[in-house]
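Spelled out, the chains give:
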Amino acid sequence: MKRLQREALILSLIENLLKNESWCGETHIQKSAYFLQELLHVPLGFEFILYKYGPFSFDLSDELVSMQADDIILLKLRPPYGPSVQPGTMAERLKNLYPKTLKRYEKEIVFVARELGGNGVGDLESIATALYVVRHKIKGKDDLQKRANCIREIKPHISLEQALTALQRQKEISDKASALLGV
Amino acid sequence: MGKHLHEIRDPVHVFIRLDTDEREVLDSRPLQRLRNIHQLGLTYLLYPGATHRRFEHSLGVMELATRIFDVITDMYNICPDVQHILPPEDQRKYWRRVLRMAALCHDLGHLPFSHSADHKLFPDGWSHERMTAEIIRSKEMERVWSEITPPLRGEDIAKIAIGPRERQKVGLGQFNLWETILSEIIVGDTFGADRMDYLLRDSLHAGVAYGKFDHYRLVDTLRILPKGGSAEDSKEPTLGLLEGGIQSAEALLWARYFMYSQVYCHPVRRIYDIHLGDFLEKKMGKNKIPTKSDDFLALDDNKVLVWIRESVSNQKDQLNELAKRIFDRMHFKRVYGRNPEDQRINPQAADTIYKAACKKFGKDSIRYDAYKQKGGSQLFPVQLKDDTIQQSIELSATLEKVPIVFTEYVFIEDKHLNAAKAWLGKKHSEILKSRKETEE
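Everything quoted here is computed from the prediction, not taken from an experiment. (Residues numbered from 1 in each chain as written. Chains lettered and ligands numbered in written order. Predicted model: local features only at pLDDT ≥ 70, side-chain atom pairs only at ≥ 80, totals over all residues.)

**Some details on the overall build of chain B**
Each helix and strand counted, chain B has 21 helices and 9 strands in total. Relative to a compact globule of 440 residues, whose C-alpha radius of gyration would be 22 Å, chain B shows 24 Å and is just as compact. Judged by the C-alpha coordinates and their principal axes, chain B covers about 70 × 50 × 45 Å. Taking all 440 residues of chain B together, the buried fraction comes to 45%. Restricting to contacts in chain B with at least 6 residues of sequence separation, those with at least 24 account for 71%. (Helix = DSSP H or I, 4+ residues; strand = E, 2+ residues; numbered from the N terminus. Rg over C-alpha atoms; globule rule 2.2 N^0.38 Å. Buried ≥ 20, exposed ≤ 12 C-beta atoms within 10 Å, placed from the backbone. Contact = placed C-beta atoms within 7 Å.)

**So, the overall build of chain A**
On a plain count of helices and strands, chain A comes out with 9 helices and 4 strands. For 183 residues, the compact-globule formula gives about 16 Å, and the C-alpha radius of gyration of chain A, at 16 Å, lands near that figure. Projected onto its principal axes, the C-alpha positions of chain A cover 50 × 40 × 25 Å. Burial statistics for chain A: of 183 residues in total, 50% are counted as buried.

**A short note on the sheet that holds strand β6 (residues 366–372) of chain B**
Residues and elements named next belong to chain B. An order of β5-β9-β6 is seen for the 3 strands of this open sheet, with the pairing classed as antiparallel. Of all strands in the sheet, those with a lone pairing partner are β5 (333–337) and β6, marking the two edges. Strand-to-strand twist of the sheet, defined as the mean angle between neighbouring strand axes without regard to direction, takes the value 30°. Sheet analysis places β5 next to strand β9 (residues 406–412), joined by 4 bridges and oriented antiparallel. The residue bridging Arg-334 from the neighbouring strand is Phe-411, located in β9. (Pairing = 2+ DSSP bridges. Axes fitted to C-alpha atoms, helices over the stretch in contact; angles between N-to-C directions.)

**What to know about the interface of chain B and chain A**
Accessible area lost during the coming together of the parts is what is often quoted as the interface size. Counting residues at the interface gives 28 residues for chain B, matched by 37 residues for chain A. When residues of the side of chain B that touches chain A are traced back to their parent elements, those giving at least two are α9 (167–170) and α20 (392–395) of chain B. Looking at the side of chain B that touches chain A residue by residue, the class counts come to 6 nonpolar, 10 polar and 12 charged. (Nonpolar A, V, L, I, M, F, W, Y, C, P; charged D, E, K, R; others polar.)

**Re the packing of helix α2 (residues 26–38) of chain A against helix α7 (residues 121–137) of chain A**
All names here are of chain A. For the pair α2 and α7, interaxial distance at closest approach is 10 Å and the crossing angle is 30°. It follows that α2 is roughly parallel to α7 by the angle criterion. Here α2 and α7 pass one another in a crossing that is left-handed. Every residue of α7 that contacts α2 at Thr-27, His-28, Lys-31, Tyr-34, Phe-35 and Glu-38 is listed here: Val-121, Leu-124, Ala-128, Leu-131 and Arg-135. Of the residues contributing to the contact of α2 with α7, the split by class is 6 nonpolar, 2 polar and 3 charged. (Parallel < 35°, antiparallel > 145°, perpendicular 65-115°, else oblique. Left-handed = near helix turned anticlockwise from the far one by under 90°.)

**Brief notes about the sheet that holds strand β7 (residues 381–383) of chain B**
Residue and element names in this part refer to chain B. The 4 strands are arranged β3-β4-β7-β8 in an open sheet whose pairing can be described as mixed. Only two strands of the sheet have a single partner each, and these edge strands are β3 (222–226) and β8 (389–391). Each strand axis lies, on average, 45° off the axis of its neighbour in the sheet, ignoring direction. As judged from the 2 bridges shared by strand β4 (residues 237–242) and β7, these two strands associate in the parallel manner. Within β7, the residue paired with Leu-242 across the bridge is Gln-383.

**Observations concerning helix α8 (residues 144–154) of chain A**
All names here are of chain A. Looking only at α8, the buried set comprises Arg-147, Ala-148, Cys-150 and Ile-151. Within α8, the buried residues cover an arc of 155° as seen down the axis, which keeps them to one side. Pointing more than 90 degrees away from the buried face of α8 are the exposed residues Gln-145, Lys-146 and Glu-153. Buried residues along α8 sit in contact with α7 and α9 (160–181). (Arc of directions from axis to C-beta.)

**Here's the deal with the nonpolar core**
B:Ala65, B:Leu99, B:Ala102, B:Ile157 and B:Ile186 are the most contacted members of the largest nonpolar core, which has 73 residues in total. Setting aside anything within four residues of it in sequence, one finds B:Ala65 in contact with B:Leu99, B:Arg100, B:Ala103, B:Ile185, B:Ile186 and B:Ala193. A:Ile29, A:Tyr51, A:Leu60 and A:Tyr98 belong to the second largest nonpolar core, which has 56 residues in total. (Core = buried A, V, L, I, M, F, W, Y, C linked by C-beta atoms within 7 Å.)

**Overview of the pairing of β4(B)**
All names here are of chain B. Most of β4 is tucked away: 5 of the 6 residues are buried. In this structure, β3 lies alongside β4, joined through 5 bridges in antiparallel fashion. Each residue of the ladder has a partner; that of Arg-223, found in β4, is Gly-240.

**Here's the deal with helix α4 (residues 89–105) of chain B**
Helix length check: α4(B), at 17 residues, gives a terminal C-alpha distance of 25 Å against a target of 24 Å (1.5 Å per residue), a fit within 8%. Buried within α4(B) are the following residues: B:Trp95, B:Arg97, B:Val98, B:Leu99, B:Arg100, B:Met101, B:Ala102, B:Ala103, B:Leu104 and B:Cys105. (Expected span 1.5 Å × (residues − 1).)

**Considering the packing of helix α3 (residues 54–72) of chain B against α4(B)**
A pair of packed helices is characterised by two quantities: the angle between their axes and the separation of those axes. Residue and element names in this part refer to chain B. α4 packs onto α3 with a crossing angle of 150° between their chain directions and a minimal axis gap of 7 Å. Regarding the angle of α3 to α4, the classification is roughly antiparallel. Note that α3 runs across α4; the crossing there is right-handed. Along its contact with α3, which presents Ser-58, Val-61, Met-62, Ala-65, Thr-66 and Phe-69, the element α4 presents Arg-96, Leu-99, Arg-100, Ala-103 and Leu-104.

**Section: the confidence of the model for chain B**
Confidence in the prediction of chain B, expressed as mean pLDDT, is 94, and 98% of residues score 70 or more. Model confidence for the complex is summarised by a pTM of 0.93, with the ipTM given as 0.87. (pLDDT = per-residue confidence, 0-100.)

**Side note on unusual backbone geometry**
All names here are of chain B. Cis geometry is found at the peptide bond from Thr-149 to Pro-150, where omega equals -10°. As for its position among the elements, Pro-150 is in the loop between α7 (139–146) and α8 (154–162). The backbone of Phe-113 shows a phi angle near 55°, a positive value even though the residue is not glycine. As for its placement among the helices and strands, Phe-113 is situated in the loop between α4 and α5 (118–121). Within the chain, Arg-329 stands out as a residue other than glycine whose phi angle is a positive 55°. Here Arg-329 is to be found in the loop between α17 (320–327) and β5.

**Brief notes about the environment of B:Ile393**
Of note, B:Ile393 is situated in helix α20. Residue classification places B:Ile393 among the buried positions, given that 21 C-beta atoms sit within 10 Å. In this structure the C-alpha to C-alpha distance between B:Ile393 and B:Ile246, which are 147 residues apart in sequence, comes to 9.9 Å. Not counting residues up to four positions away in its chain, the partners in contact with B:Ile393 are A:Leu77, A:Gly82, A:Pro83, B:Gln378, B:Leu379, B:Leu399 and B:Glu400.

Listed below in C-alpha cells is the structure:
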C-alpha cells in the first residue's frame with residue numbers, strides 16, 4: 001500500500017473514532033489501528049511491538065507526525081487530557097485521491113471505531129494487550145487465568161480484575177470481527 | 001596505589017569521570033574507532049567548526065545519562081505509583097553501570113562520516129543499530145564486559161543502547177518497564193541523553209546558538225511518572241518532569257526544531273551527504289559495507305578520505321567525478337524546496353518535480369532528498385506542586401506550536417542550474433497538476 005493511500009485509511013479511522021465520541025489521542029489511534037490490522041486484516045503494513053500502553057507501532061507514530069506536517073491532521077487541545085487528533089485542512093483533498101480504497105475497507109474501519117471509540121486510554125491499553133497476549137503469547141486453549149497473569153507480567157500496573165475484563169472484551173470483539181469477515 | 005577515577009576534559013560537560021574498569025571499555029578498539037568518525041559528517045564543509053567526533057559525543061551521552069539515572073532513582077524523587085518498576089536497591093548499581101556502558105557504546109555501529117544511508121550501504125537486513133548490537137555482543141567486547149566488577153551482560157547493554165524501536169530487527173528480547181525507562185534515558189524521543197548531548201555539542205562546534213537550553217535544570221526536574229493522573233488514563237510509567245522544569249523542556253524542544261531546520265537540514269549539508277553516499281555505494285560495489293567486525297572496525301573517515309583523494313587525483317578513476325563533487329566542492333545545487341503552497345496543489349509536489357526534472361535533464365544530474373521528523377513528542381506527564389499529574393501541552397503555551405520538521409529538496413548538477421530554473425519557472429504549475437494517483 002502506498003504511503004498516502006495508507007494515510008487516507010488512518011484519516012478515515014480518526015474520523016470514525018471521533019464520530020463514536022472517542023477522545024482520539026495518539027494512543028486511541030494506535031490501539032484501534034492495531035485491531036484494524038491484526039484482527040480485521042486491513043493491510044496497513046505497520047510493525048507493532050509491546051511498548052507504550054500495549055501494542056505500539058513506531059512507524060504509525062512517525063506516520064502521524066508526517067500527516068500533521070502535511071496538514072492532514074491537527075492536534076486540538078481538550079483539557080483535562082492530552083490533545084485530540086482532528087482532520088486538518090488537507091483531509092478532504094487526501095480522501096478525494098483514494099475513494100476506492102476507502103470504500104473497500106469502510107466496514108472494517110466503522111466496526112473498529114464503533115467497538116473501541118468509547119474507551120479511554122487505560123481500557124484500550126488492557127484490551128489491546130489482551131489481544132497481543134492471545135495472538136502472540138498464550139495461543140490455543142483459552143486459559144483465562146494464565147492469560148490474565150501474562151498481561152499482569154507485561155503491565156504490572158493493570159490489576160487482575162482489569163486483565164480478566166480486558167480478555168473478556170477482547171473475545172467479544174474478536175467474535176464479532178469473525179462474524180463480520182465471515183470466517 | 002593507582003588512581004581509580006579518571007577525568008576527561010569536555011567542552012560541554014567540563015569533566016567526565018570514569019573508573020578504571022570503564023576506561024578499559026573506552027580504550028577498546030570499537031570505542032577508539034569513534035575518534036575517527038565525524039559526528040556531523042561533512043557538515044564541516046559549510047560550518048568549519050563542526051569537526052567534532054562521535055567519541056566525545058559518546059562520552060557526553062554517558063555523562064548525561066548517568067546524571068538522569070541518579071536523579072530519577074533518588075529515593076526522594078520516586079513517585080509511589082511507579083515504585084514497582086524499580087529493581088531492588090542491590091541491583092541498581094548493576095543497572096547504573098549497564099546504562100553508562102550502553103550510553104558509551106550506543107553509536108559503535110555508525111558508518112564513516114556518520115552516514116545515514118544504511119539501506120543503501122549495508123547488506124540487506126543490516127543497519128547501524130544492528131551493527132552496534134553485534135559489536136557490543138562480539139567476543140572482543142564480551143571479554144571486556146566479563147572483566148568488569150560485577151561482570152555485565154552484553155545483551156543487557158545492547159538492549160539499553162538500541163531501545164525498543166529497532167528491537168525486532170536487531171534480534172533483541174522483549175523489554176520490561178524498567179528496561180524501557182533505561183533505554184528512554186538514552187534514546188528517548190523527548191528527554192533522551194543522546195539528543196540532549198548532540199544538540200548542545202553540535203551547536204557549540206557549529207558555532208550556532210540555537211541548540212542551547214538549560215540542561216542542568218531540565219535533568220534535575222526529570223522524574224519517572226505515570227502517563228496520566230485521571231482514572232481513565234494509563235498508569236504506565238514514562239519519563240516526565242516536575243512543573244518547574246517545563247520552561248527548560250520548552251527550550252529543548254525549540255532547540256531541536258532550530259537545529260534541524262538551520263543545521264541538520266541545511267541543503268548544502270544534505271547534498272554533501274548524498275554525494276558521499278553515491279561515492280561509498282559505488283566504491284563498495286556489490287559487497288557493500290563489511291559486517292564482519294574486524295573489517296567494519298577498520299573502516300573510518302580517514303580511510304574514506306584517502307579513497308576520495310586517490311579518486312580525485314586520478315582522472316581515469318571511475319569514481320573521479322563523484323569524488324570531485326566532494327573534494328573540489330562541486331556539489332549539486334538546490335533547484336526546488338518543499339513549500340506549503342505547492343503541497344496544497346499536489347501532496348507529493350517535490351517528488352513530482354523530481355521525476356519531471358529527471359525526464360528533462362537526465363537522472364544522473366538530479367538528486368532528491370527528504371527528511372521527515374520521527375517521533376519527538378511534545379507530550380509528557382508533568383507533576384504539579386500538589387502532586388497531581390497533567391499533560392505538558394496543557395501547561396505550556398508554546399509546546400504545541402513547535403513546528404514539525406519536514407524538508408524536501410530537488411538538486412541539480414551546476415551546469416543545468418540556470419536552464420532548470422527557467423524551465424521550472426515556466427512549467428511549475430503544469431508539472432504539479434500533471435500527477436494522477438492510482439489506487440492499485
